[in-house]
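So the chains spell out like this:
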Amino acid sequence: KKSWILIASLHSVFKNTLLFAEGGQCEDTINIANSSGYISKLNVRNSFADAVDFDFSKLYVFDASISNAGNDCLDVSGGSYTIKNAKLSNCADKGISVGEKSNFEINNINIDSASIGLSSKDYSKLFALEARINNTITCYEATQKKQEFGGAFLKIMKLNCNGKYLNDENSKVEILENEF
């Protein structure tokens, strides 16, 4: 039995919101655009493609748990995003993808099994206090992907990951403490 879940929001204000989805068969299981506010719990499992997509929004998420995404677990663009705690697993492509002039901050992130753990691209800034990344091909990347944008910035205060990284000449990466 397949579910066709798409939770979409446009021009919404979230206040202590709980979002749960499972078995999404759309391009994005949860898509939030041009919105703002506070999401206390975000839980998404078994997505066909991207599990969560935030676009042109200003959002704070207290706790995120995302597993089994056919593409990215969390994809954000064109906004400002803060996540307190996140646990991501089995992301077919990226654990977190930050693009198109986004500012993204995360306090505590655990990623288990992804092609790329953290990705900052196209004039975006990604800041992580603590990142534990396991079973990935690439721990992190900071790159210019689209011609109309420039490089990206990625800063991790404390990283635990044993893998490669990608950093092009237009981008900057700062890793203050690597535990591995």
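Check the entry above for the structure.
*Asks:* Any chance you could break down the side chain of Asn31 for me, citing the residues and the numbers?
*Replies:* Relative to the helices and strands, Asn31 resides in strand S3 (residues 28-33). On the basis of relative accessibility, which here comes to 17%, the residue Asn31 falls in the buried class. A polar contact of 3.1 Å, which involves the side chain of Asn31, links it to the side chain of Asp28. Within the structure, Asn31 has its side chain in polar contact with the side chain of Asp53 (distance 3.5 Å).

*Asks:* Quick one: what's the story with the state of the cysteines, residue by residue and with numbers?
*Replies:* In total, this model carries 2 disulfides according to the counting rule given. Across a sulfur-sulfur distance of 2.1 Å, Cys73 and Cys91 are joined as a disulfide pair. Looking down the S-S bond of the Cys73 and Cys91 bridge, the torsion is -95°, so its handedness is left-handed. One end of the pair, Cys73, is in the loop between strand S6 (58-69) and strand S7 (74-77); the other, Cys91, is in strand S8 (residues 80-99), and 18 residues separate them in sequence. Take Cys91: its relative accessible area is 3%, and that puts it in the buried class. Note that Cys139 is cross-linked by a disulfide to Cys161, the S-S spacing being 1.9 Å. The S-S bond linking Cys139 to Cys161 shows a torsion near -90°; that makes this disulfide left-handed. Taken together, the positions of Cys139 in strand S10 (residues 125-143) and Cys161 in strand S11 (residues 153-161) put the pair 22 residues apart, joining distant regions of the chain. Its relative accessible area of 1% is what places Cys139 among the buried residues.

*Asks:* I'd like a description of the packing of aromatic side chains, backed by residues and values.
*Replies:* Within the structure shown, the criterion is met by 5 aromatic pairs. Judged by centre distance (5.5 Å) and plane angle (15°), the ring pair of Tyr38 and Tyr60 falls under stacked. Linking Tyr38 in strand S4 (residues 36-47) with Tyr60 in strand S6, this pair joins segments that are 22 residues apart in sequence. Judged by its relative accessible area of 30%, Tyr38 is partly exposed. Under the relative-accessibility criterion, Tyr60 is labelled partly exposed at 30%.

Conventions and cut-offs
- Residues numbered from 1 in each chain as written.
- Predicted model: local features only at pLDDT ≥ 70, side-chain atom pairs only at ≥ 80, totals over all residues.
- Heavy atoms only, no water.
- Helix = DSSP H or I, 4+ residues; strand = E, 2+ residues; numbered from the N terminus.
- Buried < 20%, exposed > 50% of the residue type's maximum accessible area, 1.4 Å probe, protein only.
- Polar contact = N/O pair within 3.5 Å; in protein donor to acceptor, adjacent residues only side chain to side chain.
- Disulfide = S-S within 2.5 Å.
- Phe/Tyr/Trp six-rings, centres within 6.5 Å; stacked < 30°, edge-to-face > 60°.

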